[in-house]
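Understanding the architecture of this molecule
Below, each chain spelled out in residue letters.
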Amino acid sequence: MLETVVRFFQEGGPFMYPIAIVLAIGLAITVERFIYLASVRRRNRLAFEKGILPLLRKRDYQRAMKAATGSDSAIASIMSAGIGRLLNNHSREDVEYAMEEGLMEVLPRLEKRTQYLATLANIATLLGLLGTIIGLIAAFTAVAAADPSQKASLLSESISVAMNTTAFGLMSAIPLLMFHALLQTRTNEIVDSFEMAGVKLLNIISEQPAPQSA
């Protein structure tokens with residue numbers, strides 16, 4: 001199996017190397033993003049469900065603010081923006097706007113480098129096609145100078161080798177596109193959790209007026 005992979009790679013020509021580099025970069029971004037998003041989800045769950053939300057339900061906004069500012073999670077920064085407006089006796093709409101602003105500040109960190117995967121997938125595909133075209137040009141040039149009895153076999157062999165780059169480009173692009181879609185889904189789930197947390201805070205505010213700040 002390993003020998004087949006090595007032979008496939010060697011027969012593909014020089015364009016196999018830049019495609020492999022693109023694939024390696026894409027996989028590195030994928031692993032880093034999955035680890036980061038998993039960490040964000042875990043810290044958000046601990047900070048909100050275990051710390052901030054129980055205090056909000058008790059209407060203990062001062063302690064909820066301390067819990068939010070004392071956490072380095074993304075959801076805590078959004079909640080602290082909203083609770084801060086609440087403690088300063090701002091309206092419900094002002095609290096909502098503050099949390100939306102906090103979400104806009106957090107969102108770029110969640111989406112960071114994810115869009116590169118789609119670009120890298122396109123680059124891998126185009127490199128594969130370019131390698132195939134150049135390989136075909138070289139094949140036809142070699143066939144033109146070959147012995148007539150060997151032209152058919154030489155042409156078929158050269159075309160088979162040239163197609164390796166397109167195959168490898170697609171083999172690299174397809175998983176990168178799948179990883180891009182998965183990361184987008186994970187990111188959207190986290191954003192949805194932020195919005196749900198904001199709705200819970202606004203509902204608590206609506207149920208009972210906030211106390212005056214100390």
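Quick caveat, the model's predicted, so the values are computed rather than measured.

Along its length, the protein chain carries seven helices and zero strands. Across its three principal directions, the C-alpha atoms of the protein chain cover 95 × 30 × 20 Å. Put simply, the protein chain has 214 residues, and 36% of those count as buried. Long-range pairs, those at least 24 residues apart, make up 81% of the contacts in the protein chain between residues at least 6 apart in sequence. Accessible surface, the protein chain: about 12,200 Å² in total, of which carbon and sulfur atoms supply 62%. Taking the average location of the 20 positive side-chain charges in the protein chain and that of its 19 negative ones, the two points are 8 Å from each other.

This brings us to the packing of helix α2 (residues 16-57) against helix α4 (residues 74-87). Relative to each other, α2 and α4 sit at 25°, their axes nearing to 8 Å. Relative to α4, α2 is oriented roughly parallel. Residue-level inspection shows Asn44, Ala47, Phe48, Ile52 and Leu56 of α2 in contact with α4, the latter providing Ala74, Ile75, Ala76, Met79 and Ile83. Within the contact of α2 with α4, the residues separate by chemical class into nine nonpolar, one polar and no charged.

Once that is clear, we can look at the UniProt feature "transmembrane region" (unreviewed entry) in the protein chain. UniProt annotation of "transmembrane region" (unreviewed entry) refers to residues 15-36, 116-141 and 161-183 when read in the numbering used here. Secondary structure across residues 15-36 divides into 95% helix and 0% strand, with the first and last C-alpha atoms of the span separated by 32 Å. Helix makes up 100% of residues 161-183 and strand 0%. Its end C-alpha atoms lie 34 Å apart.

Looking at the element boundaries, Tyr36 is found in helix α2. With 96 residues separating them in the primary sequence, Tyr36 and Thr132 have C-alpha atoms 37 Å apart. Here Tyr36 is in contact with Arg109 and Leu110, once residues within four sequence places are set aside.

One finds Leu56, Met79, Ile83 and Phe194 to be the most contacted residues of the largest nonpolar core, which totals 47 residues. Taken together, the elements giving at least two residues each to this core come down to α2, α3 (61-69), α4, α5 (92-111), α6 (114-144) and α7 (151-207). Leave out the neighbours within four places in its chain, and Ile83 touches Ile52, Leu56, Tyr61, Ala64, Met65 and Leu201.

In the contact formed by α4 and α5, the axes pass within 8 Å of each other and the chain directions differ by 155°. Accordingly, the angle class assigned to the pair α4 and α5 is roughly antiparallel. Both α4 and α5 take part in a crossing whose hand is right-handed. For the pair α4 and α5, contact is made by Ala74, Ser77, Ile78, Met79, Ala81, Gly82, Arg85 and Leu86 and by Asp94, Val95, Ala98, Met99, Glu101, Gly102, Leu103 and Val106, respectively. Of the residues in the contact of α4 with α5, the class split is ten nonpolar, three polar and three charged.

The rules behind the values
Residues numbered from 1 in each chain as written. Predicted model: local features only at pLDDT ≥ 70, side-chain atom pairs only at ≥ 80, totals over all residues. Heavy atoms only, no water. Helix = DSSP H or I, 4+ residues; strand = E, 2+ residues; numbered from the N terminus. Buried < 20%, exposed > 50% of the residue type's maximum accessible area, 1.4 Å probe, protein only. Contact = heavy atoms within 4.5 Å. Areas by Shrake-Rupley, 256 points an atom, 1.4 Å probe, with all protein chains shown as cover. Lys, Arg positive; Asp, Glu negative; His and termini not counted. Charge placed at Lys NZ, Arg CZ, Asp CG, Glu CD. Axes fitted to C-alpha atoms, helices over the stretch in contact; angles between N-to-C directions. Parallel < 35°, antiparallel > 145°, perpendicular 65-115°, else oblique. Nonpolar A, V, L, I, M, F, W, Y, C, P; charged D, E, K, R; others polar. UniProt positions renumbered as here; feature names shortened; annotations may be inferred. Core = buried A, V, L, I, M, F, W, Y, C linked by side-chain atoms within 4.5 Å. Left-handed = near helix turned anticlockwise from the far one by under 90°.

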